[in-house]
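Chain residues, written in single-letter form:
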Amino acid sequence: MRHYDFGPLYRATVGFDRVADMMDRVLSSDMTQPSYPPYNIEKTSEDGYRISIAVAGFSAEELSVEVKEGALVVSARKAPEETERTYLHRGIATRAFERRFALADHVRVTGASHADGMLHVDLVREVPEALKPRRIEIASTTTRVIEAKTGQDGSAETAKAAEGAAV
């Protein structure tokens, strides 16, 4: 396995330590990620996402969806069965699990629903107005000169006074 040094990234940037930490965690984590429960991540709109997790055998009360420390944490814990059962084949896994999904900045959970053995978590990316691109109007110098010559009210007396003051 390769080891990457993020030192130059820390020296040349400010505020990207979370991204570097996340990359370091992903690269250094064990390659055998748990595959239970299976899930899908889909893009539903320009700024909308949906995570669908197969949670067969779990009720809505046994599932937990939380957002903490910049991550979406989905977990489930099955209550112990009251009666002993003898299974000839047990293919439906109802073991406890915890799945973590790192959330980008400005991504928030808008809701969760449980239907037909699937847990759907809807997310949306909301970029604040201050971070959205905006166009800056460029004023030309000829416009400023004309405004100075005519004065604020556009009268000729103000223009003559402005010319006399400029000379």
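Structure shown above.
Residues numbered from 1 in each chain as written. Predicted model: local features only at pLDDT ≥ 70, side-chain atom pairs only at ≥ 80, totals over all residues. Heavy atoms only, no water.

Caption draft 1: Main features of the side chain of Ser52. Summarising the element assignment, Ser52 is placed in strand 2 (residues 48-54). Within the structure, Ser52 has its side chain in polar contact with the side chain of His120 (distance 2.8 Å). Among residues more than four places away in sequence, those in contact with Ser52 are Pro38, Tyr39, Asn40, Glu42, Met118, Leu119 and His120. (Helix = DSSP H or I, 4+ residues; strand = E, 2+ residues; numbered from the N terminus. Polar contact = N/O pair within 3.5 Å; in protein donor to acceptor, adjacent residues only side chain to side chain. Contact = heavy atoms within 4.5 Å.)

Caption draft 2: Just the pattern of salt bridges, in detail. Under the counting rule described, the total for this entry stands at six salt bridges. We note a salt bridge from Asp122 to Arg50, for which the minimum N-O separation is 2.7 Å. One end of the pair, Asp122, is in strand 7 (residues 118-125); the other, Arg50, is in strand 2, with 72 residues separating them in the sequence. Arg50 gets classed as partly exposed once you look at its relative accessible area, which sits at 25%. Across the salt bridge formed by Glu66 and Lys68, the nearest N and O atoms sit 3.8 Å from each other. Exposure remark for Glu66: the relative accessible area of 38% places this residue in the partly exposed category. Under the relative-accessibility criterion, Lys68 is labelled partly exposed at 37%. (Salt bridge = Lys/Arg side-chain N within 4 Å of Asp/Glu carboxyl O. Buried < 20%, exposed > 50% of the residue type's maximum accessible area, 1.4 Å probe, protein only.)

Caption draft 3: Structural detail: the packing of aromatic side chains. In total, this model carries three aromatic pairs according to the counting rule given. For the pair Tyr36 and Phe97, a centre-to-centre distance of 5.9 Å together with 85 degrees between the ring planes defines the contact as edge-to-face. Taken together, the residues span a long stretch of sequence, with Tyr36 in the loop between helix 2 (17-28) and strand 1 (39-43) and Phe97 in strand 5 (residues 97-102) at a distance of 61 residues. Here the aromatic rings of Phe58 and Phe97 are separated by 5.7 Å at their centres, their planes lie at 80 degrees, and the arrangement is edge-to-face. Pair noted here: Phe58 is in the loop between strand 2 and strand 3 (63-68) and Phe97 is in strand 5, with a separation of 39 residues, a long-range link. The pair Phe58 / Phe97 is uniform in exposure class, with both members buried. The rings of Tyr36, Phe58 and Phe97 are connected pair by pair, giving a single aromatic cluster. Here the guanidinium or amino end of Lys78 rests over the ring plane of Phe58, the centre of that ring lying 5.9 Å away. If you follow Arg95 out to its NZ or CZ, it ends over the ring of Tyr36, 4.1 Å from the centre. (Phe/Tyr/Trp six-rings, centres within 6.5 Å; stacked < 30°, edge-to-face > 60°. Lys NZ or Arg CZ within 6 Å of the ring centre and 35° of its normal.)

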